[in-house]
There are 2 protein chains.
Amino acid sequence: MRREAMSRLRCHISISLDGFVAGPNQSEEEPIGEGGELLHDWVVSLAAWRETHHLEGGEENENSRIVAEARGNIGAAVMGRNMFGPIGGGPWDGEWNGWWGDDPPYHYPVYVVTHHPRDPVEMEGGTTFRFVTDGIESALEQARAAAGGKDVMLWGGGQIISEYLAAGLIDELELHVVPIVLGAGSRLWDGLDGPMKYELVRVVEAPGVTHLKYRTGLSDSRDPA
Amino acid sequence: MRREAMSRLRCHISISLDGFVAGPNQSEEEPIGEGGELLHDWVVSLAAWRETHHLEGGEENENSRIVAEARGNIGAAVMGRNMFGPIGGGPWDGEWNGWWGDDPPYHYPVYVVTHHPRDPVEMEGGTTFRFVTDGIESALEQARAAAGGKDVMLWGGGQIISEYLAAGLIDELELHVVPIVLGAGSRLWDGLDGPMKYELVRVVEAPGVTHLKYRTGLSDSRDPA
């Protein structure tokens, strides 16, 4: 299934060599699990990342260009409940509005997949959080309708990305491959039926990380040659 | 542990995006498991591969240079019993001399790790198969002593590479990352204690595969910055 003519679902995520997107024992204190912060060293040092978290300073390097590219041409987004709020938190209490302050760095509608219904929350700067309780396909459909012809970003976390991958709904996947072996944690691909073929779009070698962008959703049939 | 001053243990292997080096249900008919042959499409089409299997023709492309580089400066090798002989075969019957005919493509001593003792077998062209029954560290030690200052190649299969990786004995690991998701099979890293840090040596984008070479065996400590 190729959807190049319409709004694409794009995703980018940091991953260890052994395929983990979070370390073991995720908790409120260690939301990316033990050792999981090693996956994000390359990005949290960037000025582009610090700016979206209201921090000054930071580096500019080849990774800055990759982050800007990954964030470009996005009209709406989907994220999982565990990215929006603290892990293990209860149903929405009507006060939690995400990690990003009054002016979140999205500036477009963000569809949060959750089991707990809640009215939309309009933030400053154009970000609106909308809560979707009828599954990932519905969230994608609503985000596409809201994206105004631009692409939809699947922000994460790892668990919901795995669900979208398993459902074959992601059009473009960029892996930020970090040269570590975590040994345990959450795998990006787990329990999928294979084989599935992707197509490499491009590779960029950058400080502390290698960026591999793939077009997904291709046929699993063998090439005739 | 860095061993740059001495003979290094080097390894290169094709791997799927989800970390599998063989598909599920390996058997005599499907030695790389179901779908596993997709991991090797990029290499079996090469003239360099066909030549070592006494076949004519084949392609020359960027992958040819990678294969030549991976095979250069090798003075001895280690391989697992399942690479030397058919999977599920019994103890050595004294007649099986590998898959490669009378003149195997190695031309150096090859140490086969097995539970079944057997006298060395001298083949044509300088290849000698020696059988090691006291484990992977002994095999490596013997291969290093025989390598004459050159490096030692760990040929595979996947299972013995996983054992050497878990033991931290590999100095340089090249992953031929094939853009497929197998979903099941044998993982290269499985049950290791993490985190372990590697260091990227270089990346090459080539037809059907991306080559990522890493220096392994680095400290797992965080960088001070």
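Above this text sits the structure in question.
These lines cover the structure that appears in this document, whether it is placed above or below. (Residues numbered from 1 in each chain as written. Chains lettered and ligands numbered in written order. Predicted model: local features only at pLDDT ≥ 70, side-chain atom pairs only at ≥ 80, totals over all residues. Heavy atoms only, no water.)

## Things to note about the packing of aromatic side chains
Aromatic ring pairs: the centre-centre distance and the angle between the two ring planes describe each pair.
Here is step 1 of the chain: On inspection of all chains with the given rule, the structure shows 20 aromatic pairs over all chains.
Here is step 2 of the chain: A centroid spacing of 6.4 Å and a plane angle of 45 degrees characterise the contact between A:Phe84 and A:Trp100, whose relative ring orientation is tilted. Of the two residues, A:Phe84 is situated in helix α4 (residues 81-84) and A:Trp100 in the loop between α4 and β4 (109-113); the sequence distance between them amounts to 16 residues. Per residue, the accessibility class of A:Phe84 equals that of A:Trp100, and both read buried.
Here is step 3 of the chain: Aromatic pair B:Phe84 and B:Phe131: ring centres 5.5 Å apart, planes at 75 degrees, arrangement edge-to-face. Of this pair, B:Phe84 sits in helix α4 (residues 81-84) while B:Phe131 sits in strand β6 (residues 128-132), and the two are 47 residues apart along the sequence. Comparing B:Phe84 with B:Phe131 shows no difference in burial state: the two are buried. (Phe/Tyr/Trp six-rings, centres within 6.5 Å; stacked < 30°, edge-to-face > 60°. Helix = DSSP H or I, 4+ residues; strand = E, 2+ residues; numbered from the N terminus. Buried < 20%, exposed > 50% of the residue type's maximum accessible area, 1.4 Å probe, protein only.)

## Some points on the sheet that holds strand β7 (residues 151-156) of chain B
Pairing between sheet strands relies on hydrogen bonds along the backbone, with the strands arranged either parallel or antiparallel.
Residue and element names in this part refer to chain B.
Here is step 1 of the chain: Reading across from one edge, β5-β6-β4-β3-β7-β1-β8-β13-β12 is the order of the 9 strands in this open sheet, with mixed pairing throughout. On the outer flanks of this sheet lie β5 (121-122) and β12 (199-206), each paired with one strand and no other.
Here is step 2 of the chain: Those strands touched by helix α6 (residues 158-166) are β1 (9-16), β3 (74-80), β4 (109-113), β7 and β8 (172-178), and its axis lies near 130 degrees from that of β7. (Pairing = 2+ DSSP bridges. Contact = heavy atoms within 4.5 Å. Axes fitted to C-alpha atoms, helices over the stretch in contact; angles between N-to-C directions.)

## Considering the environment of B:Val121
All names here are of chain B.
Here is step 1 of the chain: Following the sequence through the fold, valine 121 ends up in strand β5.
Here is step 2 of the chain: Looking at valine 121, the relative accessible area reads 14%, which means it is buried.
Here is step 3 of the chain: Expressed as a C-alpha distance, the spacing of valine 121 and glutamine 159, which sit 38 residues apart in the sequence, is 24 Å.
Here is step 4 of the chain: Not counting residues within four places of it along the chain, the set of residues in contact with valine 121 comprises Asn97, Thr127, Thr128, Phe129 and Phe131.

## Focus on the side chain of A:Thr127
Residues and elements named next belong to chain A.
Here is step 1 of the chain: Assignment of secondary structure puts threonine 127 in the loop between β5 (121-122) and β6 (128-132).
Here is step 2 of the chain: Within the structure, threonine 127 has its side chain in polar contact with the backbone nitrogen of histidine 107 (distance 2.7 Å).
Here is step 3 of the chain: Contacts of threonine 127, omitting those with residues within four sequence positions, involve Pro104, Tyr106, His107, Tyr108, Val110, Val121 and Glu122. (Polar contact = N/O pair within 3.5 Å; in protein donor to acceptor, adjacent residues only side chain to side chain.)

## Describing helix α6 (residues 158-166) of chain A
In an α-helix, one full turn covers 3.6 residues, which means residues spaced three or four apart are oriented alike.
Here is step 1 of the chain: Within the sequence span of α6(A), burial applies to A:Ile160, A:Ile161, A:Ser162, A:Tyr164 and A:Leu165.
Here is step 2 of the chain: Backbone geometry just after α6(A) places A:Gly168 at a positive phi near 70 degrees.

## Notes on the relation of the copies chain B and chain A
Here is step 1 of the chain: Of the transformation superimposing chain B on chain A, the axial component is 0.0 Å and the angular component is 180 degrees, with the fit at an RMSD of 0.0 Å. Those values place the two copies in the arrangement expected of a two-fold rotation axis. Identified as the residue of chain B closest to the rotation axis by C-alpha distance is B:Gly19, at 3.2 Å.
Here is step 2 of the chain: Mapped onto chain A, 100% of the interface residues of chain B again fall at the interface, so both copies present the same surface. (Least-squares fit on C-alpha atoms with pLDDT ≥ 70 in both.)

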